[in-house]
Amino acid sequence: MGSPATLPVEDAACLFCPTAPWAEIGRGRDYEYDTVPDLFTLRRCTGCGLVFVAPRPGPAAMRVIYPSNYYAYREEEIERPLLKFFRDRIEGSKVRRYRRLVADDTAAVVDVGCGDGRLLDILRRLGPSGWRLAGIEVAEAAARRAAERGFEVRTGDLETLDLARWNGRFGLALVHQVIEHTRDPRDAVRRIACLLRPGGVLSVETPDTRGWDARIFRRGYWGGYHIPRHFYLFDASTLSRLLVEQGFEVVSVRSILSPAFWVYSVHNALADSPRLRRLARWFHAQSPLPMAVAAVIDVVQIATCRQSTNLQLLARKR
Ligand SMILES: [Zn+2]
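Everything numeric in this text was worked out from a predicted model, so none of it was measured.

A few points about the pairing of strand β9 (residues 170-176)
- Among the seven residues in β9, seven count as buried, and that is most of the element.
- Across three bridges, the pairing between strand β6 (residues 108-112) and β9 is parallel. Following the sheet pairing, Val 110 is matched in β9 by Ala 173.
- Looking at chain direction, β9 and strand β10 (residues 196-207) are connected through six bridges and run parallel. Following the sheet pairing, Val 175 is matched in β10 by Val 204.
- Taking the sense of rotation as the criterion, the β-α-β connection linking β9, helix α6 (residues 185-195) and β10 turns out right-handed.

Set out below in structure tokens:
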């Protein structure tokens, strides 16, 4: 893959208890994209349970670990019709919930990490016609596609982009599968809070370390680790703590389906096996059968334990 001999790395600590001891819970490499051969270590803070990667790729490594074929940059292009059908049903029920909470059918809405605009397109089709839809996206080609589809898009890294002219503008911010990628989630939440007007609603979706697949595959293969791109892995408690600390009132936290994490957990275990490596290519987020089986397991898990490895937290800016 043309990997550099040594990837620039930096150290990291727990967001909440930087001096608390940590336990090494697992290690693994980039089983999904094979961008670098390096092994990365997962640590769990013994004080609060937050899981983090340390050492982790440094800023200069970003272009290496996010290849141009990264799925989030071209979701619309690769999504199969059957999976799109189910995605629309699931996201549609969420849109109804946002609408009840926001209670303003002319609100400005921002999708932070909008990729090629797939979620914005769902909001346009299923949300109120008066919503003004905008996005922030770091990948230039994806941002261009989202802009071509008619959305107002700012291109750049959430953690460094100058967003001053958007401050206080939004009634709803969606931050889905993004916060775990940031180098400083506290600063990212602070920046997003600035974008919202008082009373504005925030939806955060992120992997949850408490579900079945996170436990079964916790030594390194769990799909939610997405090694080495997920720097922090939360649960309901640590994510709520971060939001409350930044001036939000938590409205609800619930477990949501995450079949892709099961499928990639199996993929990663196979990809690491010299004998079974060939089978790994059958396990990815666009494989209907593995995704369907995983979704059924998640439905059972949520019904019996009220838990999965993906959580949605809704909060309101005070
Ligand atoms: Zn901690």
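Observations regarding the packing of aromatic side chains
- Counted according to the given criterion, the structure contains seven aromatic pairs.
- On the basis of an interplanar angle of 65° and a centroid distance of 5.4 Å, the ring pair of Tyr 31 and Tyr 221 is categorised as edge-to-face. Here Tyr 221 lies in the loop between α7 (212-216) and β11 (232-233) and Tyr 31 lies in the loop between β2 (22-28) and β3 (40-45), a separation of 190 residues in the sequence.
- Members of the aromatic cluster, connected to one another through ring pairs, are Tyr 33, Tyr 66 and Tyr 70.
- The positively charged end of Arg 89 is found above the aromatic ring belonging to Phe 85, 4.3 Å away from the centroid.

Focus on the nonpolar core
- In terms of nonpolar packing, the biggest core is built from 42 residues, with Leu 202 and Leu 243 touching the most fellow members.
- When residues of this core are traced back to their parent elements, those giving at least two are β6, β7 (132-137), β9, α6, β10, α8 (236-245) and β13 (310-317).
- With five residues, the single largest contributor to this core is α6.
- Apart from residues lying up to four places away in sequence, Leu 202 is in contact with Ala 173, Val 175, Ile 192, Leu 196, Leu 243, Phe 248, Leu 313, Leu 314 and Ala 315.
- Judged by nonpolar contacts, the second largest core, of 27 residues, contains Val 36, Phe 40, Ala 142 and Phe 261.

Focus: the sheet that holds β3
- Strand order in the open sheet formed by four strands is β2-β3-β4-β11, with antiparallel pairing between adjacent strands. Because the sheet does not close on itself, it has two edges, and the strands there are β2 and β11.
- Direction of pairing for β3 relative to strand β4 (residues 51-53): antiparallel, over a ladder of three bridges. Bridge pairing links Arg 43 to Phe 52 in β4.

With respect to the coordination of the zinc ion
- The protein atoms that coordinate the zinc ion are Cys 14 (SG), Cys 17 (SG), Cys 45 (SG) and Cys 48 (SG), at distances spanning 2.1 to 2.3 Å.
- In this structure, the zinc ion is surrounded by four donor atoms whose angles at the metal cover 95 to 118°, and the resulting shape is tetrahedral.
- Each donor residue of the zinc ion lies on one chain, and together they are spaced C-x2-C-x27-C-x2-C. Of this pair, Cys 14 sits in the loop between β1 (9-10) and β2 while Cys 45 sits in strand β3, placing them 31 residues apart in sequence.
- With a relative accessible area of 2%, Cys 45 lands in the buried category.

So, how was this worked out
Residues numbered from 1 in each chain as written. Predicted model: local features only at pLDDT ≥ 70, side-chain atom pairs only at ≥ 80, totals over all residues. Heavy atoms only, no water. Buried < 20%, exposed > 50% of the residue type's maximum accessible area, 1.4 Å probe, protein only. Helix = DSSP H or I, 4+ residues; strand = E, 2+ residues; numbered from the N terminus. Pairing = 2+ DSSP bridges. Right-handed = clockwise from strand over helix to strand, strands pointing away. Phe/Tyr/Trp six-rings, centres within 6.5 Å; stacked < 30°, edge-to-face > 60°. Lys NZ or Arg CZ within 6 Å of the ring centre and 35° of its normal. Core = buried A, V, L, I, M, F, W, Y, C linked by side-chain atoms within 4.5 Å. Contact = heavy atoms within 4.5 Å. Donors = N, O, S within 2.8 Å, 3.2 Å for Na, K, Ca; no water. Tetrahedral: all angles 85-135°; square planar, octahedral: opposite > 155°, others 65-115°.

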